[in-house]
Amino acid sequence: MTPRQKSTYLPGWLLTASLCLLALFSVSCTTGIREFFAPVAVPEKFSATGPEALADRWWLALRDENLNELIAESLSGNLDLRMAWDRLEQARATARKSGADLLPGLDGAAEHTRQTVKTAGAGSDSSSIYFLGLAASYEIDLWGRVRAGLQAAEFDLLATREDLQAVAITLSAGVATVWYQLQEQRQQIKLLQEQIKINGKYLDLVTSQFRNGQARATDVLQQRQILEAARGEQINARTNEKLLEHQLAILTGKAPGTFTPPVAPGSASLPPMPDTGLPVQLIQRRPDIRKAYYQVQAADQRVAVAIADRFPRISLVAEAQTSDTNLSDLFDNWLANLAGNLSAPLFDGGRRAAEVDRASGAAAEALHGYGQAVLTSLKEVEDALFAEIQQGNFLASLDRQLALSSQSMEQTKERYLYGDMDFLRFLTTILNHQSLQRSRIRAGRQLIDYRINLYRALAGGWELAPPPMTSAQHTGFTQDK
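Residues numbered from 1 in each chain as written. Predicted model: local features only at pLDDT ≥ 70, side-chain atom pairs only at ≥ 80, totals over all residues. Heavy atoms only, no water.

As for the packing of helix α4 (residues 79-99) against helix α5 (residues 145-211)
With their axes 8 Å apart at the nearest point, α4 and α5 run at an angle of 170° to one another. In terms of their interaxial angle, α4 and α5 are classed as roughly antiparallel. (Axes fitted to C-alpha atoms, helices over the stretch in contact; angles between N-to-C directions. Helix = DSSP H or I, 4+ residues; strand = E, 2+ residues; numbered from the N terminus. Parallel < 35°, antiparallel > 145°, perpendicular 65-115°, else oblique.)

Here's the deal with unusual backbone geometry
One non-glycine residue, R63, lies in positive phi territory at about 55°. Positionally, R63 belongs in the loop between α2 (12-28) and α3 (65-77). Overall, the relative accessible area of 65% leaves R63 in the exposed class. (Buried < 20%, exposed > 50% of the residue type's maximum accessible area, 1.4 Å probe, protein only.)

Observations concerning the packing of aromatic side chains
The description of two aromatic rings rests on the distance between their centres and on the angle between their planes. In the structure shown here, the tally under the stated rule is eight aromatic pairs. For the pair W143 and F311, a centre-to-centre distance of 5.0 Å together with 55° between the ring planes defines the contact as tilted. Taken together, the positions of W143 in the loop between β2 (124-140) and α5 and F311 in the loop between α8 (287-308) and β3 (313-324) put the pair 168 residues apart, joining distant regions of the chain. Among the aromatic residues, those joined into a cluster by ring pairs are W58, W59, Y455 and W462. (Phe/Tyr/Trp six-rings, centres within 6.5 Å; stacked < 30°, edge-to-face > 60°.)

So, empty space enclosed by the protein
Within this structure, the stated rule accounts for one cavity of 30 Å³ or more. Residue lining of the largest cavity: E139, I140, D141, L142, W143, R145, A308, P312, R313 and I314, and that is the complete set. Of all the secondary-structure elements, those providing two or more residues to the lining of the largest cavity are β2 and β3. Taken together, the residues that form the lining of the largest cavity break down as six nonpolar, no polar and four charged. (1 Å grid on protein atoms, 1.4 Å probe; cavity = no way out; pocket = protein on both sides within 12 Å on 5 of 7 lines; lining within 4 Å. Points joined across faces, edges and corners; volume = space filled by probe spheres on them. Nonpolar A, V, L, I, M, F, W, Y, C, P; charged D, E, K, R; others polar.)

A closer look at the pattern of salt bridges
Applying the stated criterion to the full structure yields 24 salt bridges. The partner of R145 in a salt bridge is E139, and the shortest N-O contact between them spans 2.8 Å. Overall, E139 belongs to the partly exposed group, its relative accessible area being 24%. For R352, the salt bridge identified is with D348, shortest N-O distance 3.0 Å. Assessed through its relative accessible area of 18%, R352 is described here as buried. (Salt bridge = Lys/Arg side-chain N within 4 Å of Asp/Glu carboxyl O.)

Some details on the packing of α5 against helix α6 (residues 217-251)
At their nearest, the axes of α5 and α6 sit 8 Å apart, and the two run at 165° to each other. When the interaxial angle is binned, α5 and α6 end up roughly antiparallel. Relative to α6, α5 is oriented so that their crossing is left-handed. Taken together, the residues that form the contact of α5 with α6 break down as 21 nonpolar, eleven polar and eight charged. (Left-handed = near helix turned anticlockwise from the far one by under 90°.)

Observations regarding the layout of surface pockets
As a volume, the second largest pocket reaches approximately 300 Å³. Lining of the second largest pocket is provided by 14 residues; of these, F36, I283, Q284, Y293 and Y370 occupy positions nearest its centre. For the lining of the second largest pocket, the leading source of residues is α8, giving four residues. Here the lining of the second largest pocket is built from residues that sort into eleven nonpolar, one polar and two charged.

Right under this line is the structure:
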């Protein structure tokens, strides 16, 4: 028994009674879990809403089977999502590790010593000593320090679980965005192919008129330039198409060379706008906001840990050991002792007080981060709502422009053929009409993007199935489990 153990040794009955009293007192000193509110004012309702209920798997509202398959592949194969699952496993392990301090620790030791002693004669005597010892230790969580650390780790686990949901929502929205961008490029390629044919016919027309002396050489050159410009636009569209296919492959967890995206039957049509609900419901639903709230709770518990670390600690140590020269008699003679230790910080240069201030600052930062997450979520919803409404108005304007441009092009074509209009005016009309056609396709895709942004801003997550294990997990890391 060490000098410290001798000075704190208690009789068995007194130690048992003290232990019970301290345990009851430590429960009463356990840090409670407080409720926090975002330090921002939340509006009563959003600026617009729709009639459709928002499904958990929001992309199903688009009624696109190809998109459904792509998102299903990404949820099982995307490596960013797998890393989020890995972080969740780490958080689970950390929570289990933090909870281990609430239980006693038990260590065992065994030793075999061989001693040889020379006698006065030529021989020697040999003997063996066998030793077996057990040591148990337990810190009484008098001020709730250990339990507060466990609660902080559990809130970290909850925050990590919400982060997994947020990553899944972001991934699904990313797949949908890239998918419809790919569809736009394919439509642009098809349109440009038609425009190349039309521009080729106009080039034949201008060339024929030039041969008949009804057009100038510059008219022919300008039309050739327009035809070549359309071919150049088609090259850019094909480049964008391939790059988007590569991006879609990465999102689904595949190498670009091994992935072939599906072919859509036609352009997508938007369903009615979803019911946005109330801003308060959004705060309760969005996983990134819930993550920020759990981070506030974890930071608050770590403040409690820092405060409790300034108070004394009481620990109990129980030891039992036995030794004998005969292995068969090893368990006959035991020496046991039970001791209590009290340690208290007397001077640390202000380190513990500084840690309290640091933890309090971190908790304040987490609370303000929670408020910022709420503001950001409200902004994302309002941005998506306003942008979609305005984009719808812009599309209606483009449709009217296209109708007028089509009529204008027919009239200028007739007037040019009859010699009532120069080629430059006719050329300008062609360029404007073809530019409007390409803008219409691009604007239609942007409208879908704004709807995807709205779905993502309103989404609350869904039940995620763990991804299948990789070959590396089968052959390596899982062998120790």
